[in-house]
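Listed below are the residues making up each chain.
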Amino acid sequence: MYIENPDTSNLRYGYTTGACATAATKAALIMMIRGKTVYEVEINLPVKKTARFLIEHQKIEKNYCIAAVKKDGGDDPDVTTGLYIYSRVEYSNNPGIEIAGGEGIGTVTKEGLPIKPGNPAINPVPLKMIKSTVQNLLESEGILKGIKITISAPGGEDVAKKTCNPKLGIVGGISILGTRGIVIPFSDSSWKASIVLGIRVASKLGINSLVFSTGGRSDTAVKKIFPDFREEQFIEIGDFLGFAVKRAVDAGIEKVIIAGMPGKISKLADGNMDLHSSKSSVNFEFLASMGEYLGYDHNTVSGIRHANTVLEVMELIKYDTAFLDLLKDKSLKNINNITENKIQISIEIIKNEY
């Protein structure tokens, strides 16, 4: 598979499950039409480029054909990488193009997603890609028959447990995704999209309070702090705190609890809304000034100022409640400035013991 990588870094782009499903479908349909095994196909991607895919696990039967593409996410940490995306194509007595989900493809069970409950988790852009590719091929071959396509991903049910699907109400497997056809390594946009979807699903369920965690450890810890909360209330927002809070306001959410390790919260207290290391840094001078304000002795303040990590600061002050409360107060003031007090915010600082 090849596509020119427009990025100047050394990270390798990959391909979405939607692109893989489209390529597998095209191959299976060609085999259905011509009765010959297909080993590679080229498809058009939504990013206005083409990509060539190797085809595996070909099967030609009297009434149907099957082809598969091995998912390659490039250098993105994509848990679906290595899965085979299969497409089974057969002629149908019904007019038009029908696309169904088979083994390993999730089923939508909740409102708030681009797909209505009861349907396979094949998003609108991949659906359009598959249908357009099939329609063009049928027209070029002069075929007027209806087509039924079944997309499957053996092993997808287990892989889906490592994704947001269970929280979003997608059961039984992975989603067929992709608005571009390519996977951009460590894509900010995909993470932001998952935040928006999580908020939307919670809103559709009538949930008016959410818990935003800034990382995996914080997410695990805060679930122990609020054991009675529903799974849909917990959304891992990573470093996109300002973005997530604004989207919660837009969705009419009434309350958000922000859970983060002291280092992330210290950035928030210092006025940063993007907590990524490339966008903001821990300001130890700021933390030292807090120590001075609280009346810490000279050695403690100096220790804070010259610390290497916020964990070192926390161990130095022994997680002093007054210091943590001041971090929370400053954080709340900064968030309220961007939300104009339209949402109730509280802060949970996750201690290292979690």
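The coordinates are above.
Read on for a plain summary of the structure.

What counts and what doesn't
Residues numbered from 1 in each chain as written. Predicted model: local features only at pLDDT ≥ 70, side-chain atom pairs only at ≥ 80, totals over all residues. Heavy atoms only, no water. Core = buried A, V, L, I, M, F, W, Y, C linked by side-chain atoms within 4.5 Å. Buried < 20%, exposed > 50% of the residue type's maximum accessible area, 1.4 Å probe, protein only. Helix = DSSP H or I, 4+ residues; strand = E, 2+ residues; numbered from the N terminus. Expected span 1.5 Å × (residues − 1). Arc of directions from axis to C-beta. Contact = heavy atoms within 4.5 Å. Pairing = 2+ DSSP bridges. Axes fitted to C-alpha atoms, helices over the stretch in contact; angles between N-to-C directions.

Membership of the largest hydrophobic core comes to 45 residues, with the highest contact counts inside it found for F53, I149 and I151. Residue contributions to this core peak at 11 residues, all from helix 1 (residues 17-34).

Bringing helix 5 (residues 188-204) into the picture now. With 17 residues, helix 5 should reach 24 Å at 1.5 Å per residue; the first-to-last C-alpha distance of 25 Å fits that figure. Among all positions of helix 5, only I195, G198, I199, V201 and A202 are buried. Seen from one end, helix 5 has its buried residues packed into an arc of 165°, which puts them on one side. On its buried side, helix 5 packs onto helix 4 (165-168), strand 12 (209-213), strand 13 (234-236) and helix 7 (241-250). G206 sits one or two positions beyond helix 5 and adopts a positive phi of about 80°.

The strand order across the open sheet built from 5 strands is 4-5-6-9-7, with neighbouring strands paired in mixed fashion. Because the sheet does not close on itself, it has two edges, and the strands there are strand 4 (56-60) and strand 7 (97-101). Shown here is a sheet whose adjacent strand axes are inclined to one another by a mean of 15°, direction ignored. For strand 4 and strand 5 (residues 65-70), the ladder comprises 3 bridges, and the chain directions are antiparallel. Within strand 5, the position partnered with K59 by the bridge is I66. Those strands touched by helix 1 are strand 4, strand 5, strand 6 (84-92) and strand 9 (146-152), and its axis lies near 40° from that of strand 6. Along the sheet, helix 2 (residues 124-141) makes contact with strand 7 and strand 9, crossing strand 7 at roughly 140°.

Okay, unusual backbone geometry next. For K48, which is not glycine, the phi torsion reads 65° and is therefore positive. Inspection of the secondary structure puts K48 in the loop between strand 2 (40-44) and strand 3 (50-54). Non-glycine residue N341 carries a positive phi angle of around 60°. In this structure, N341 sits in the loop between helix 12 (321-339) and strand 15 (344-349). The class for N341 is exposed, based on a relative accessible area of 58%.

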